[in-house]
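Chains, contacts and geometry: an overview
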Amino acid sequence: MQQTFNINNDNYLRKMALKGFKKRHLSGKEYEDRLRMELDIITDANLSDFFLNTSYICNLLKSEGMFLGPGRGSAGGSLLCYCLNIVSTDPLKEGLMFSRFINKTRIKNSMPDIDTDIPKTRRQEALDLIKDKFGRDCAFSIPNLIRFTIKTSIKDVSRVFNVP
């Protein structure tokens, strides 16, 4: 008789989280409870694919020697992101809150925001790697459009020319 395994992405996310938990040498009730709570919220919100894909991309880029930032913004407050090697900061050690990143009321209105800082000189290479793995029609760069007001324009020009 052939044994079958029921592996869905929620279970796979839990498996990868526990693997990272052990790899990071984490232990203790506080860490276990925090990871369990984060996983429950994330799987209830059907975000397992998002975290698995983000982890895959971050680890792919790191395997190519790209330096990614340690975790800017609220994602640094996620123990799951730390276990999945998305961020490199231990949120419990630094006293960071997961609720700033995701909470049950906020998750209904918006996707989590994970900033991955990639060196400017390697952004196209990173995008090409992602397109190669996920498909050229499945990945694209999202531009950041900035609108300057008169006040911010004067401040920026003054800063460039060292004018107080």
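This text gives an overview of the structure that appears in the document. (Residues numbered from 1 in each chain as written. Predicted model: local features only at pLDDT ≥ 70, side-chain atom pairs only at ≥ 80, totals over all residues. Heavy atoms only, no water.)

1. Quick notes on the overall build of the chain
The cut-off we apply is this: Numbering of helices and strands runs from the N terminus, with a helix taken as a DSSP run of H or I at least four residues long and a strand as a DSSP run of E at least two residues long. In this scheme, a residue with accessible area under 20% of its type's maximum is buried, one over 50% is exposed, and one in between is partly exposed, where area comes from a 1.4 Å probe on protein chains only. Contact between two residues is taken to exist if any of their heavy atoms lie within 4.5 Å; hydrogens are not considered. For every accessible area listed, the method is Shrake-Rupley and the probe measures 1.4 Å; residues are considered covered only by the protein chains on display. Residues counted as positive are Lys and Arg, residues counted as negative are Asp and Glu, and His and the chain ends are not counted. Here the site of a charge means NZ on Lys, CZ on Arg, CG on Asp, or CD on Glu.
Within the chain, the regular secondary structure consists of 7 helices and 0 strands. In sequence order, the secondary structure elements of the chain are arranged as α-α-α-α-α-α-α. The principal-axis extents of the C-alpha atoms in the chain amount to approximately 75 × 40 × 30 Å. The buried share of the chain, taken over its 164 residues, is 34%. Sequence separation of at least 24 residues holds for 69% of the intrachain contacts in the chain that already meet a minimum separation of 6. Total accessible area on the chain is roughly 11600 Å²; 53% of this is exposed by carbon and sulfur atoms. Each charge sign in the chain was given a centre, from 26 positive and 19 negative side chains, and these centres are 3 Å apart.

2. Structural notes on the packing of helix α3 (residues 48-63) against helix α6 (residues 123-134)
What describes two packed helices is the angle between their axes and the distance between those same axes. Formally: Here, axes are lines fitted to C-alpha atoms. For helices the fit covers the stretch in contact, and angles between N-to-C directions go from 0 to 180 degrees. The labels follow the angle: roughly parallel below 35 degrees, roughly antiparallel above 145, roughly perpendicular from 65 to 115, and oblique for the rest. Here a crossing is taken to be left-handed if its near helix is turned anticlockwise relative to the far helix by less than a right angle, and right-handed if that turn runs clockwise. Throughout this entry, Asp, Glu, Lys and Arg are counted as charged residues, while Ala, Val, Leu, Ile, Met, Phe, Trp, Tyr, Cys and Pro are counted as nonpolar. The remaining residues, Gly among them, count as polar.
Between α3 and α6, whose axes approach to 10 Å, the crossing angle comes to 125°. As the angle between them shows, α3 and α6 are arranged oblique. Classified by chirality, the crossing of α6 by α3 is right-handed. Contacts from N53, Y56, I57, L60 and L61 in α3 reach A126, L129, I130, K133 and F134 in α6. In terms of residue class, the contact of α3 with α6 is made up of 8 nonpolar, 1 polar and 1 charged.

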